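Observations on the three-dimensional arrangement
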Number of protein chains: 2
Amino acid sequence: MDLSLELIKEIARPSPTRIVLLVIDGLGGLPNPETGKTELETANTPNLDKLAAKGICGLIDPVSPGITPGSAPGHLALFGYNPISFNIGRGVLEAIGIDFDLQPGDVAARGNFCTVDATGLVTDRRAGRISTQKCSELCQLLDGLVIENTKIFVCPVREHRFIAVFRGQGLAPDISDSDPQQLGVAPKSITALSLETDKMAGIANQFIAQAKTTLAKCYPANMILLRGFSKLPQFPIMGEVYKLKPAAIASYPMYRGLAKLVGMEILETRTTIEDEFATLKRNYTNYDFFFLHIKETDSAGEDGDFDRKVRIIEQVDKALAELINMEPDVIVVTGDHSTPALIRGHSWHPVPILLYSKWCRPDKVSQFSESACILGGLGRFPATQIMPLAMANALKLTKFGA
Amino acid sequence: MDLSLELIKEIARPSPTRIVLLVIDGLGGLPNPETGKTELETANTPNLDKLAAKGICGLIDPVSPGITPGSAPGHLALFGYNPISFNIGRGVLEAIGIDFDLQPGDVAARGNFCTVDATGLVTDRRAGRISTQKCSELCQLLDGLVIENTKIFVCPVREHRFIAVFRGQGLAPDISDSDPQQLGVAPKSITALSLETDKMAGIANQFIAQAKTTLAKCYPANMILLRGFSKLPQFPIMGEVYKLKPAAIASYPMYRGLAKLVGMEILETRTTIEDEFATLKRNYTNYDFFFLHIKETDSAGEDGDFDRKVRIIEQVDKALAELINMEPDVIVVTGDHSTPALIRGHSWHPVPILLYSKWCRPDKVSQFSESACILGGLGRFPATQIMPLAMANALKLTKFGA
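Turning to the overall build of chain A, a few remarks are in order. Within chain A, the secondary structure is distributed over 14 helices and 14 strands. In terms of C-alpha radius of gyration, chain A reaches 23 Å, essentially the compact-globule figure of 21 Å for 402 residues. Projected onto its principal axes, the C-alpha positions of chain A cover 70 × 55 × 40 Å. Here the analysis covers contacts within chain A between residues at least 6 apart in sequence; of these, 74% occur between residues at least 24 apart. Carbon and sulfur atoms make up 51% of the accessible area of chain A, which totals about 16,400 Å². Taken as two groups, the 41 positive and 45 negative side-chain charges of chain A have centres that lie 2 Å from each other.

In structure tokens:
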């Protein structure tokens, strides 16, 4: 049975209790073949283990068993939003990822610089993966065009990737991609996919035509491909669904952007792990829900650096001591997905979770690790159920039915 | 969250890795009261135990806890098709079960020979369970009739059961049953349940009338009852959903038929357990997915023969050695449901599952058994999630969302 946010909204009530959701990005791992232990099992984590012993543990599936989640679905699930039905367009996601100040009427697209031959056929969808520096220079050539009273912002992302944001009156994102997703063919002409988007399609095609002219001498980046046209989605906000006053602490723009989409206030923070915990402490009395995001574990996993991931987990464990001293009513520690150093990327493996509260009904797990969490009292469950559990443990949910 | 096949289709990609799904029909059991051990726990299974130790284990619910599955829902779930929404009509299922070569336009019905009294009221819905031999003889009397250019095939199944298959132009299965499902009333007249099925209802009624005349002197089998009119369903095929090249090895027609419905290629095989494994070996390089079905465990369970079921499990274990040597990327061993010898039939008990791959994140289970699997890292989960898990472990699924 899938709990709807509507149902939660009906039974949620404000209360003075406080919840901290600590997300250690890419937390789950795979065993080092030499030791048989994962990154988390290798790390020395006295504080996490103490919390696990006092709390209740389990394993979460961010989307569904076998599915490897991107960062957006992984986080939406942690916030209690079904990541299959709550969708974020690719253009919007890229814009969020570089902290672009997207406005409600904007239409954003993900762009690639690409290579076309003399007859206009795509020969490299990534223009030889030009440097980010080069990408920035090319974006400046295209940035700021105005077509039919619509201003077009063009901003670099990384290597050949950029975003194009269309700002004007009456724009809608329901148009096709120009990216043909294959070589040897011409970029597609963009077409309207609904009655209201003829104008938008026309502007996008004009923009691409102008870009082609401007980039003509910029081989290998002599053309662009656009896809994933989208607008900021209108998600129900956490303040209304959960009756919470939620705040987010994250050093990477993507996670701040995702938190903003569900209505969290974004706290200014410096960027080390210790900084983030200090930011939480400084703001502790002003909010009743904190999402604290640690990025470095995921980056270490993506780099295949097992030992660095171990050290970062130990660093988080150390920083946790002070948070525990502040005695939040509910502490949840988990990840948005696994990023095993052995796989060098996100993976489908379920993620350890621990929940501590005065009311949690502790199990016998006394170590926070993948293998110990298998036997935890929370069992294996979908990540979307974390928020109702945390809310219940904070005594913020009333009875369902009479 | 119910993952749709549509979603899987979007993220599946072909790859050179290979998956073997070994289905030991009716695998799960109940403990022998004298020993406290189930069939699987009693069997000596060094190969399964070795795989369990290297792999990850759990328990599956084919349909849902408490629900005893038939063979069709049990297998559809294993193939990743939600057995509640993917339905196979009773007539089609019986036709598949006897290897009848059903064509896309055919309408198939499940039939009973029954007894009616002088006034036409049903006195025995099974005609005293006539022998299969007798059933064959009676079917020959009815087989091959042509009514309104529609040819009617009548084939014996077992005892009083047969199938009637209607082959002609413009037939549709949406008509009511003639079987009243009770005694002391007349067989029902068949009626059209949609605008297009008047013709079909008329033909079915004429067929029944002719059968009544033909069988008048064949007491106790002096009438027929028809139900479950249905056509071959159009399921999405595994090649498209999973981008696999799938093959099925099964010695019983029902399982070949089910595999065919989801687009597997059916491999010619001799019928012993050893034969089936040899067929897999012979075809190993030609496919990237194998469904290998072992029927005998279920038959032993249905017969209430605990010891025979133990011996068959041991025989499978022995045959498994060579498969392990072939080093498929992913091996899944499970059943389509439990068939405890103590119950002498299918049951609702969850079924042990083991999954082995290089990327499986092993748990501490070192014996393949019901009680050990309770503590497995896969936990307890719906059988429809097996395919996504197997695909993920074969690195055949890309990331969901960015």
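What follows is about the sheet that holds strand S12 (residues 330-334) of chain B. Residue and element names in this part refer to chain B. Strand order in the open sheet formed by eight strands is S10-S9-S11-S1-S12-S13-S2-S14, and the pairing between neighbours is mixed. The open sheet has two edge strands with one neighbour each: strand S10 (265-266) and strand S14 (379-382). Sheet analysis places strand S9 (residues 246-250) next to S10, joined by two bridges and oriented parallel. Paired with Ala247 across the strands is Glu265, a residue of S10. Each of strand S2 (56-61), S12 and strand S13 (351-357) is contacted by helix H3 (residues 46-54), which is oriented at about 65° to S13, the strand it contacts most.

Here we come to the relation of the copies chain A and chain B. Overlay of chain A on chain B (RMSD 0.1 Å): rotation 125°, translation along the axis 0.1 Å. Read as a symmetry element, the transformation amounts to a three-fold axis. If distances are taken from each C-alpha of chain A to the rotation axis, the shortest is found for A:Leu375, at 3.8 Å. Here only 3% of the contact residues of chain A are again contact residues in chain B; the copies associate through non-equivalent surfaces.

Attention now moves to the sheet that holds strand S13 (residues 351-357) of chain A. Residues and elements named next belong to chain A. Across the sheet, which stays open at both edges, the eight strands sit in the order S10-S9-S11-S1-S12-S13-S2-S14 with mixed pairing between neighbours. Two strands bound the open sheet, and with one partner strand each, they are strand S10 (265-266) and strand S14 (379-382). Strands strand S2 (56-61), strand S12 (330-334) and S13 of the sheet are contacted by helix H3 (residues 46-54), whose axis makes an angle of about 65° with S13.

Residue and element names in this part refer to chain B. Of all hydrophobic cores here, the largest spans 107 residues; its most connected members are Phe277 and Phe291. Here this core gets eight residues from one element, more than from any other, and that element is helix H12 (residues 306-325). Residues contacting Phe291, with those up to four places away along its chain left out, are Leu21, Val23, His75, Phe79, Ala247, Ala248, Ile249, Tyr255, Ala259 and Met264.

Time to look at the packing of H3(A) against helix H12 (residues 306-325) of chain A. Residue and element names in this part refer to chain A. At their nearest, the axes of H3 and H12 sit 7 Å apart, and the two run at 60° to each other. Considering the angle they form, H3 stands oblique to H12. For the pair H3 and H12, contact is made by Pro46, Asn47, Leu48 and Leu51 and by Ile313, Asp317, Lys318, Leu320, Ala321 and Ile324, respectively. Split by residue class, the contact of H3 with H12 holds seven nonpolar, one polar and two charged.

With that settled, consider the interface of chain A and chain B. Tallying the contact residues gives 37 residues for chain A and 26 residues for chain B. Between chain A and chain B, a total of about 2,400 Å² is buried, with carbon and sulfur atoms accounting for 68% of that surface. Looking at the side of chain A that touches chain B element by element, the count peaks at three residues for helix H4 (residues 71-78) of chain A. Partitioned by chemical class, the residues of the side of chain A that touches chain B number 20 nonpolar, 13 polar and four charged.

In terms of burial, helix H4 (residues 71-78) of chain B is largely enclosed, as seven of its eight residues are buried. Just beyond H4(B), the residue with positive phi is B:Gly80, at close to 95°.

Residue and element names in this part refer to chain B. Along strand S7 (residues 161-167), six of the seven residues are buried, which leaves the element largely enclosed by surrounding structure. Taken together, the six bridges between strand S3 (residues 107-116) and S7 define a ladder with antiparallel strand orientation. What sits directly across from Arg110, in S7, is Ile163. Where strand S6 (residues 150-158) meets S7, seven bridges bridge the pair, whose relative direction is antiparallel. By the bridge assignment, Phe153 is partnered in S7 with Val165. Hairpin connection between S6 and S7: a loop of two residues separates the two successive antiparallel strands, and Glu159 in this loop has a positive phi of roughly 50°.

All names here are of chain B. Secondary-structure assignment places Asp61 in strand S2. Residue Asp61 is classed as buried on the basis of its relative accessible area, which comes to 6%. Those residues in contact with Asp61 that lie beyond four places of it in its chain are Pro350, Arg380, Phe381, Pro382 and Ala383.

For the bond from A:Tyr219 to A:Pro220, the omega torsion is 5°, close enough to zero to count as cis. By the secondary structure assignment, A:Pro220 is in the loop between helix H7 (198-215) and strand S8 (223-230). We note that A:Glu327 has phi near 55°; this positive angle belongs to a residue other than glycine. Along the chain, the position of A:Glu327 falls in the loop between H12 and S12. Look at A:Glu327 and you get exposed, because its relative accessible area is 63%. In the Ramachandran plot, B:Glu159 falls in the positive-phi region, its phi being about 50° despite a non-glycine side chain. The topology assignment puts B:Glu159 in the loop between S6 and S7.

Once that is clear, we can look at the pattern of salt bridges. By the definition in use, this model includes 32 salt bridges over all chains. Among the ionic pairs, B:Glu94 bridges to B:Arg90, the shortest N-O distance being 3.0 Å. Here B:Glu94 pairs with B:Arg90, and both are found in helix H5 (residues 90-97), just four residues apart, close to one helical turn. Salt bridges here are not isolated pairs; linked through shared partners, they connect A:Arg90, A:Glu94 and A:Arg110.

Together, A:Leu375, B:Ile374 and B:Leu375 line one region of the surface with nonpolar side chains, adding up to about 320 Å² of accessible area. With respect to the helices, strands and loops of the structure, B:Ile374 is situated in the loop between helix H13 (370-373) and S14. Judged by its relative accessible area of 54%, B:Ile374 falls in the exposed class.

The next point concerns the state of the cysteines. Residue and element names in this part refer to chain A. Taken as a whole, this structure holds zero disulfides over all chains when the rule is applied. Residue Cys155 stays outside any disulfide, its sulfur separated by 7.0 Å from that of Cys139, the closest cysteine. Residue classification places Cys155 among the buried residues on the basis of a relative accessible area of 16%.

The next subject is the packing of aromatic side chains. Think of a pair of aromatic rings as described by two things: how far the centres are apart, and how the planes are tilted against each other in angle. Residues and elements named next belong to chain A. Applying the stated criterion across every chain, the model contains 20 aromatic pairs over all chains. With a centroid separation of 5.8 Å and 85° between ring planes, the pair formed by Phe166 and Phe207 is classed as edge-to-face. Residue Phe166 is located in strand S7 (residues 161-167), and its partner Phe207 is located in helix H7; the two are separated by 41 residues in the primary sequence. Here the two residues Phe166 and Phe207 agree in accessibility, since each one is buried.

Cut-off values and rules
- Residues numbered from 1 in each chain as written.
- Chains lettered and ligands numbered in written order.
- Predicted model: local features only at pLDDT ≥ 70, side-chain atom pairs only at ≥ 80, totals over all residues.
- Heavy atoms only, no water.
- Helix = DSSP H or I, 4+ residues; strand = E, 2+ residues; numbered from the N terminus.
- Rg over C-alpha atoms; globule rule 2.2 N^0.38 Å.
- Contact = heavy atoms within 4.5 Å.
- Areas by Shrake-Rupley, 256 points an atom, 1.4 Å probe, with all protein chains shown as cover.
- Lys, Arg positive; Asp, Glu negative; His and termini not counted.
- Charge placed at Lys NZ, Arg CZ, Asp CG, Glu CD.
- Pairing = 2+ DSSP bridges.
- Axes fitted to C-alpha atoms, helices over the stretch in contact; angles between N-to-C directions.
- Least-squares fit on C-alpha atoms with pLDDT ≥ 70 in both.
- Core = buried A, V, L, I, M, F, W, Y, C linked by side-chain atoms within 4.5 Å.
- Buried < 20%, exposed > 50% of the residue type's maximum accessible area, 1.4 Å probe, protein only.
- Parallel < 35°, antiparallel > 145°, perpendicular 65-115°, else oblique.
- Nonpolar A, V, L, I, M, F, W, Y, C, P; charged D, E, K, R; others polar.
- Buried area = accessible area lost by both parts, 1.4 Å probe.
- Salt bridge = Lys/Arg side-chain N within 4 Å of Asp/Glu carboxyl O.
- Patch = residues over 30% accessible without salt bridge, like charges linked within 9 Å, V, L, I, M, F, W, Y side chains within 5 Å.
- Disulfide = S-S within 2.5 Å.
- Phe/Tyr/Trp six-rings, centres within 6.5 Å; stacked < 30°, edge-to-face > 60°.

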